[in-house]
Amino acid sequence: MVKWEERVVRLHMISCSNCEMSLDIQILKALRNSAEGAVSGADLSEELGVSRAAIWARIQELRSLGYEIEAGPHTGYKLLNSPDALHAEDLVSRLGKTRVIGRDIQVFQETTSTNDVIEKLARDGVEEGAVVFAESQSKGRGRLGRKWLSPAGKGLWFSILLRPKLAPQQATMLTVASATAVRRAIEKQTEMKAEIKWPNDILVNGRKVAGILTELNAELDRVKYVIVGIGVDVNLNQTDFPADLRKSATSLKSALGHPICRPELAVAILGELDEDYSRIATGEFSMVADEWEKHCSTLGRDVRIRIGERQIRGCAESLGEDGALLVRTEHGRLERIVGGDLEIEKS
Ligand code: BT5
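Residues numbered from 1 in each chain as written. Predicted model: local features only at pLDDT ≥ 70, side-chain atom pairs only at ≥ 80, totals over all residues. Heavy atoms only, no water.

A few words now on the nonpolar core. With 67 residues, the main nonpolar core has Phe133, Leu156, Val232, Leu265, Trp292 and Leu325 as its most contacted residues. A domain split of this core shows at least three residues from each of domain 2 (98-294) and domain 3 (302-344). Those residues within four positions of Trp292 in sequence are excluded, and the remaining contacts are Val176, Ala179, Thr180, Ile196, Trp198, Leu299, Leu319 and Leu325. (Core = buried A, V, L, I, M, F, W, Y, C linked by side-chain atoms within 4.5 Å. Buried < 20%, exposed > 50% of the residue type's maximum accessible area, 1.4 Å probe, protein only. Domains from an automatic or database assignment. Contact = heavy atoms within 4.5 Å.)

Across all of its chains, the model carries 33 salt bridges by this definition. With a closest N to O distance of 2.9 Å, Asp84 and Arg262 form a salt bridge. Of this pair, Asp84 sits in the loop between strand S2 (76-81) and helix H4 (88-95) while Arg262 sits in helix H8 (residues 262-281), and the two are 178 residues apart along the sequence. Look at Arg262 and you get buried, because its relative accessible area is 2%. Here the residues in one salt-bridge network are Arg99, Arg183, Arg184, Glu187, Lys188, Glu272, Asp274, Glu275, Asp276, Arg279 and Glu291, joined through shared partners. (Salt bridge = Lys/Arg side-chain N within 4 Å of Asp/Glu carboxyl O. Helix = DSSP H or I, 4+ residues; strand = E, 2+ residues; numbered from the N terminus.)

Where helix H1 (residues 23-33) contacts helix H2 (residues 41-48), the two axes come as close as 11 Å, and the packing angle between them is 130°. By the criterion of interaxial angle, the relationship of H1 to H2 is oblique. Read as a crossing pair, H1 and H2 show a hand that is right-handed. For the pair formed by H1 and H2, the contact residues are Leu23, Gln26, Ile27 and Ala30 on the first element and Leu44, Glu47 and Leu48 on the second. Classifying every residue of the contact of H1 with H2 by side-chain character gives 5 nonpolar, 1 polar and 1 charged. (Axes fitted to C-alpha atoms, helices over the stretch in contact; angles between N-to-C directions. Parallel < 35°, antiparallel > 145°, perpendicular 65-115°, else oblique. Left-handed = near helix turned anticlockwise from the far one by under 90°. Nonpolar A, V, L, I, M, F, W, Y, C, P; charged D, E, K, R; others polar.)

Next up on the list: the site of the ligand. Surrounding the ligand, one finds 28 residues, the nearest of these being Ser113, Arg141, Arg146, Lys208 and Asp233. A distance of 3.2 Å separates a nitrogen atom of the ligand from a polar side-chain atom of Thr114. Here Arg146 contributes a side-chain N or O atom positioned 2.7 Å from an oxygen atom of the ligand. The fraction of the free accessible surface of the ligand (800 Å²) that becomes covered by protein chains is 91%. Spatially, the ligand is embedded in the largest pocket. Residues belonging to the shell around the ligand are distributed by class as follows: 10 nonpolar, 11 polar and 7 charged. (Near = heavy atom within 4 Å. Polar contact = N/O pair within 3.5 Å; in protein donor to acceptor, adjacent residues only side chain to side chain. Areas by Shrake-Rupley, 256 points an atom, 1.4 Å probe, with all protein chains shown as cover. 1 Å grid on protein atoms, 1.4 Å probe; cavity = no way out; pocket = protein on both sides within 12 Å on 5 of 7 lines; lining within 4 Å. Sits in = over half its atoms within 2 Å of the grid points.)

Attention now moves to the domain arrangement of the protein. By the assigned domains, the protein splits into domain 1 (23-81), domain 2 (98-294) and domain 3 (302-344). Between the C-alpha centres of domain 1 and domain 2 there is a distance of 32 Å.

With that settled, the discussion passes to the sheet that holds strand S10 (residues 302-307). Strand order in the open sheet made by the 5 strands is S13-S12-S11-S10-S14, with antiparallel pairing throughout. Each edge of the sheet is formed by a strand with only one pairing partner; in this case those strands are strand S13 (334-337) and strand S14 (341-344). Averaged over all neighbouring strand pairs, the angle between strand axes comes to 45°, with direction disregarded. Sheet analysis places S10 next to strand S11 (residues 310-319), joined by 6 bridges and oriented antiparallel. In the sheet register, Ile307 faces S11, and the bridge partner there is Arg310. Across the sheet, helix H9 (residues 285-294) is in contact with S11 and strand S12 (325-329); its angle to S11 comes to roughly 110°. (Pairing = 2+ DSSP bridges.)

So, about the layout of surface pockets. One way to see where empty space is left: roll a probe the size of a water molecule over the atoms. Volume-wise, the largest pocket comes out at about 1000 Å³. Along the wall of the largest pocket there are 50 residues; nearest its centre are Arg146, Trp148, Asp201, Lys208 and Leu245. With 5 residues, the single largest contributor to the lining of the largest pocket is strand S8 (residues 207-218). Considered class by class, the residues forming the lining of the largest pocket number 17 nonpolar, 17 polar and 16 charged. Composition of the lining of the largest pocket by domain shows at least three residues from each of domain 2 (98-294) and domain 3 (302-344). Considering the residues around the second largest pocket, the lining is formed by 23 residues, among which Arg143, Thr214, Val338, Gly339 and Gly340 are closest to the centre. Residue assignment for the lining of the second largest pocket shows that the elements contributing at least two residues are helix H6 (172-190), S8 and S10. With 4 residues, S8 is the single largest residue contributor to the lining of the second largest pocket. (Points joined across faces, edges and corners; volume = space filled by probe spheres on them.)

Now the structure itself:
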């Protein structure tokens, strides 16, 4: 059972169509977009249709949340610095208009698992594109109920609700699309090379920096909804990982040598995912698959895949049309694999 209201410090539900944007989002947007770097209270008040006193009150509130906003008598308001904390309004204002992903954004201070929260929204009939972030998760999980380490304020732990028009066996496309989107965003934000390890890992310097958990609710021939959960180790120190993960996992901060801005990376990922999801919706999955193949460290390698009790050995050849991994087994057969744990064979 999800303890839905559990320790929710700040919950914002935002309808992010242009007409319904909250005042905070509009103020942050105006401050970020200002060519002169500052906007006067009078201009903001006219543009947003509220009194200057109301603008001032929101500026004070934003300051209390950690936004450094300078107020000069002649220059107006200037955004000097944004906090690294995740705020729904801030994320919406940074993300701008998207096709599907990020229509609603909620941020929880702590929850069990963001996948659980999205599951509840899905059952309540919420539209696709809703995103839930948590600063920390008490029961973050990986595949097969494995634990996912999610310390407060150091990573991006979030889930997205999708309602694609796909058959259940095509749902792997969404893991593929999410992996390409996360990889691209990491590379653009950090300028470091990031690779995809089938089925759901993103690696930097050969170590895991992000994992994807795709959970499916489907009928026989149709997907009802899919929850894509994404965990990115952004600003963890190597000592934040337990000893057994220190060699296999790393964070972007550890790899780069300096912290990176979590809200900026968060919206970069959502923006990239919006692109790749729309490619699937318009029948252009092959473009996503081509990119995945180009950046996948698994292809062309001899691999060993464990699927429950079963083990398959062979060469990972390519990605199938529906997102499955095609493996040429040691017996010469081509097997289509949709899930499992993969190890590269040492040559
Ligand atoms: C995954 O599973 O890689 C999927 C992880 C998805 C996490 C997100 S966070 C938001 C959303 N809400 C959730 O509750 N989950 C999703 P898997 O391939 O099974 O890998 C799990 C394994 O990765 C663990 O058994 C550990 O060995 C390792 N691991 C755990 N925490 C890690 C971390 N923070 N960084 C890197 N590796 C980790």
